[in-house]
Amino acid sequence: MFALYKKEIQSFFFSPFAYVLASLFMFVFSVSFISAIADLSGTNTLKFSFPNIFYNNFFYFIFIIPILTMRSFADERRGGTEVLLLSSPLSVPKIVLAKFFSIVTIYIFMILTTLFFPIYIAGHGVVQWSALICAYLGFFLWGLVCIAVGMLLSQLTGNAIIAAIIGEIIMEGLLFLDLFGATALVNAYPRLNSVITWFSMQRRFLYFSQGMFRLEDLIFFLSLTAVVVCWNIIAIEKRRYSRS
Amino acid sequence: MVEIKNLTKYYGHNAAVKGISFEIRDGEILGFLGPNGAGKSTTMNMIAGYLPSTWGTVTVNGFDITEQASDAKKCIGYLPEIPPVYPDMRVEEYLRFCAGLKGVKRADVKSQVESAMERLSITDMRRRLIRNLSKGYKQRVGFAQALLGDPKVLILDEPTVGLDPAQVSEVRALIRELGKDHSVIFSSHILAEISAVCERVVIINKGEILAVDSIDNLERSLMADTRLNLTLEGDRKLAIRLLKDIRGVGEITNINESGDDRFSCEVELQSEDVRSEIMSVLVANKISIVEMSMAKLTLEQVFLKITAQGKKGSTLEDLLNETPEQPDAAEQE
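Residues numbered from 1 in each chain as written. Chains lettered and ligands numbered in written order. Predicted model: local features only at pLDDT ≥ 70, side-chain atom pairs only at ≥ 80, totals over all residues. Heavy atoms only, no water.

**Student:** Hey, could you run me through the overall build of chain A in this one?
**Tutor:** Counting its secondary structure elements, chain A contains 14 helices and 0 strands. For chain A, whose C-alpha radius of gyration is 20 Å, the value lies close to the compact-globule estimate of 18 Å for 244 residues. Seen through its C-alpha atoms, chain A measures out along the principal axes to roughly 65 × 50 × 30 Å. Counting the 244 residues in chain A, one finds 50% classified as buried. A sequence separation of at least 24 residues applies to 75% of the contacts in chain A between residues at least 6 apart. Accessible surface, chain A as shown: approximately 11800 Å² in total, 72% of it carbon and sulfur. Charged side chains in chain A number 16 positive and 11 negative. The centres of these two groups are separated by 6 Å. (Helix = DSSP H or I, 4+ residues; strand = E, 2+ residues; numbered from the N terminus. Rg over C-alpha atoms; globule rule 2.2 N^0.38 Å. Buried < 20%, exposed > 50% of the residue type's maximum accessible area, 1.4 Å probe, protein only. Contact = heavy atoms within 4.5 Å. Areas by Shrake-Rupley, 256 points an atom, 1.4 Å probe, with all protein chains shown as cover. Lys, Arg positive; Asp, Glu negative; His and termini not counted. Charge placed at Lys NZ, Arg CZ, Asp CG, Glu CD.)

Here it is in structure tokens:
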């Protein structure tokens, strides 16, 4: 299992793909950082907050994660290397987990690059680390769900581009869920409203970005990730049985 | 070593493989012969544990491929039809990864990778990116991958397709060499290839086994039907009469005039090789021989004959000899 994990990480860092994606991420992050700084004037310096930057980045980040995951299974299926993995002594759950954890590792690496900004700020002022760590945690957990979904799509579609596009659509859909939950129509039906808001990731992420750590949210993100990863495992097994 | 019982695979409502059973013995090279689309690759994928079967079992070295998948798969080295290589990796890096994937102990990885590269003479290519290798070398890298982990069983799905003649003979030599300490199952749709390498052969068509027999029997069956293509120059009637008088010559068919006093015909040889006798008789009667060549049955003809029988499971010789009618055109080899 470790061999596959290592290979996935290596293939990511040995290709320009990793650096292009990481720099895109850094660019997006620094743009929101710069505009947050530029917005400061006179006495409103308290307006500047990292959690807000995270919250803004949430929307850009939606476009990056599907690109990160799109190739994970699609390329294996295309290149015929899936045979190598499935005929090796590794079981399907181990294959999926190895790939999942390798992408999570890359994701952590990308998040950690953004530590540059708070560290830079810490040299010139005060950073509220407890709130910041909470925001990072929320960002990370939300990313886990997106990675699991992206991998599932890569596996189901077998085509990197289609997987990325459908991934974007689903992420957009999840964001749209919040807007929809806030409409008068949904508000007229409290039960429907409670279901929709329960699934709303943005709301849960908001708690984290405000420095509020709730066990409920932690369990929500982790269990959702686990469900999607299991779905992926079952989908691979099913495909082996039904198609060539 | 490998036991296949009643193996069946359905893709939706189509049966790709219909209840086949055979075994691969310890240290033998088993040929798996069939035309394209006969179910060869599906069967091999099932033996290697890539595809699960709809029914039936595969037991490798005592381990069931679905129940004890990990143990069974450790005994198998598999080279699929398309070598499963990552184009972005270097040869050595790829082989090290495969060794890790197969659970080779860290201390043994280096020596195993080295010996696999040596066996396939790709040691010079170790630093090359796989995407830049030719098809033949990619095939070799895939082959090297199958040898890692020192598996007892090697499953090779059409390993010579797309290679040039020199490489084909190299690969054949390698398979023969590997057959000394491995059980090998090797598929092909080329009869000559199977007979050059294997000891036993399983013939499959439309997902069913038509015959399981030794290669000697296969050759004998084919020889028993050996035909001779002759192109002669001279008196046609005399030549035919002379030919018919020779012992061991059966029917003479397909007599074609081709102008210039030349004609061609097909002579059936019944038992022993009487080519030298034919030659001396014809030359003594001033009939010159323009061309003389052996036309063995091609795989297609073997299939036509066997499938025309509509039965399976008996030996090849029976199947081939019982056929009353001959396929019309015997292709030249």
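**Student:** Looking at this model, I keep getting lost on the packing of aromatic side chains. Mind explaining?
**Tutor:** Two measures describe an aromatic ring pair: the distance that separates the ring centres and the angle between the ring planes. Residues and elements named next belong to chain A. Summed over all chains, the structure comprises 24 aromatic pairs over all chains. With 6.2 Å between their ring centres and 70° between their planes, Phe-25 and Phe-29 make a pair best called edge-to-face. On the criterion of helical spacing, the pair formed by Phe-25 and Phe-29 is a turn pair, its members being 4 residues apart in helix H2 (residues 16–38). There is no split in this pair, since Phe-25 and Phe-29 are both buried. (Phe/Tyr/Trp six-rings, centres within 6.5 Å; stacked < 30°, edge-to-face > 60°.)

**Student:** Looking at this model, I keep getting lost on helix H5 (residues 71–79) of chain A. Mind explaining?
**Tutor:** Since the α-helix advances by 3.6 residues per turn, residues separated by three or four positions end up pointing in the same direction. Among all positions of H5(A), only Ser72(A), Phe73(A), Ala74(A) and Glu76(A) are buried. In the segment just after H5(A), Gly80(A) is the residue with positive phi, at about 75°.

**Student:** Whenever I open this one, empty space enclosed by the protein confuses me. Can you help?
**Tutor:** Gaps between atoms show up when a probe of the same size as a water molecule is rolled over them. Residues and elements named next belong to chain A. Applying the stated rule across the entire model yields 5 cavities of 30 Å³ or more. As a volume, the largest cavity reaches approximately 70 Å³. Those elements that provide at least two residues to the lining of the largest cavity are H5, helix H6 (82–86), helix H7 (92–113) and helix H14 (215–242). Examining the composition of the lining of the largest cavity, we find that 3 residues originate from one element, H6, more than from any other. Broken down by class, the residue content of the lining of the largest cavity amounts to 6 nonpolar, no polar and 3 charged. (1 Å grid on protein atoms, 1.4 Å probe; cavity = no way out; pocket = protein on both sides within 12 Å on 5 of 7 lines; lining within 4 Å. Points joined across faces, edges and corners; volume = space filled by probe spheres on them. Nonpolar A, V, L, I, M, F, W, Y, C, P; charged D, E, K, R; others polar.)

**Student:** Teacher, can you tell me more about the sheet that holds strand S8 (residues 183–188) of chain B here?
**Tutor:** In a beta sheet, neighbouring strands are held together by backbone hydrogen bonds and run either parallel or antiparallel to one another. Residues and elements named next belong to chain B. Across the sheet, which stays open at both edges, the 6 strands sit in the order S6-S7-S8-S3-S9-S10 with mixed pairing between neighbours. With partners counted over all chains shown, the strands left at the sheet margins are strand S6 (76–79) and strand S10 (208–214), one partner each. The mean inter-strand angle of the sheet, taken between neighbouring strand axes irrespective of direction, is 15°. Bridge analysis of strand S3 (residues 29–33) against S8 gives 5 bridges, and the strand direction is parallel. From the neighbouring strand, Leu-30 faces S8, where its bridge partner is Ile-185. Against the sheet, helix H1 (residues 40–47) engages S3, S6, strand S7 (153–157), S8 and strand S9 (200–205), with an angle of about 155° to S8. (Pairing = 2+ DSSP bridges. Axes fitted to C-alpha atoms, helices over the stretch in contact; angles between N-to-C directions.)

**Student:** Could you clarify how one ought to interpret the confidence of the model for chain B in this entry?
**Tutor:** The predicted coordinates of low-pLDDT regions are not to be read in fine detail. Residues and elements named next belong to chain B. The pLDDT averaged across chain B works out to 83; a share of 86% of its residues lies at or above 70. Segment residues 322–333 is flagged for pLDDT under 50; beyond a separation of four residues in sequence, or across chains, it makes 26 contacts in the model. Scoring of the predicted complex yields 0.82 for pTM and 0.86 for ipTM. (pLDDT = per-residue confidence, 0-100.)

**Student:** Mind showing me how you'd approach the interface of chain B and chain A here?
**Tutor:** Often, the extent of an interface is quoted as the loss of accessible area on bringing the components together. In this assembly, 29 residues from chain B lie in contact with 23 residues from chain A. For chain B, the biggest contributors to the area lost against chain A are Tyr50(B), Tyr86(B) and Leu101(B); these three give 31% of the whole. For the pair chain B and chain A, the number of links is 0 salt bridges. In this structure, the connection of chain B to chain A is made through 8 residue pairs in polar contact (both at pLDDT 80 or more). Only strand S1 (2–11), helix H2 (69–74) and helix H3 (91–101) of chain B provide two or more residues apiece to the side of chain B that touches chain A. In terms of residue class, the side of chain B that touches chain A is built from 16 nonpolar, 7 polar and 6 charged. (Buried area = accessible area lost by both parts, 1.4 Å probe. Salt bridge = Lys/Arg side-chain N within 4 Å of Asp/Glu carboxyl O. Polar contact = N/O pair within 3.5 Å; in protein donor to acceptor, adjacent residues only side chain to side chain.)

**Student:** Mind showing me how you'd approach the layout of surface pockets here?
**Tutor:** For the largest pocket, the calculated volume is near 650 Å³. As for the largest pocket, its lining consists of 29 residues, and the residues nearest its centre are Lys7(A), Ser11(A), Arg71(A), Asp75(A) and Asp88(B). Only helix H1 (2–13), H5 and H7 of chain A provide two or more residues apiece to the lining of the largest pocket. If you tally residues by element for the lining of the largest pocket, the top one is H5(A), at 6 residues. Looking at side-chain class alone, the lining of the largest pocket contains 11 nonpolar, 7 polar and 11 charged residues.

**Student:** Would you mind going over the sheet that holds strand S13 (residues 262–269) of chain B with me for this structure?
**Tutor:** Residue and element names in this part refer to chain B. Across the sheet, which stays open at both edges, the 4 strands sit in the order S12-S13-S11-S14 with antiparallel pairing between neighbours. Edge positions in the open sheet fall to strand S12 (249–257) and strand S14 (288–295), since each of these has one partner strand only. Mean inter-strand twist for the sheet, computed between neighbouring axes without regard to direction, equals 20°. With 5 bridges joining them, S12 and S13 adopt antiparallel strand pairing.

**Student:** I'm lost on the packing of H5(A) against helix H9 (residues 129–157) of chain A in this one. Help?
**Tutor:** Each packed pair of helices is defined by two parameters, the angle between the axes and the distance between the axes. Residue and element names in this part refer to chain A. Where H5 contacts H9, the axes come no closer than 7 Å and their chain directions differ by 20°. Taken together, the axes of H5 and H9 lie roughly parallel to each other. The two elements H5 and H9 cross, and the hand of that crossing is right-handed. Judged by residue contacts, Arg-71, Ser-72, Phe-73, Ala-74 and Arg-77 of H5 engage Met-151, Ser-154, Gln-155, Leu-156 and Thr-157 from H9. Its residues placed into classes, the contact of H5 with H9 shows 4 nonpolar, 4 polar and 2 charged. (Parallel < 35°, antiparallel > 145°, perpendicular 65-115°, else oblique. Left-handed = near helix turned anticlockwise from the far one by under 90°.)

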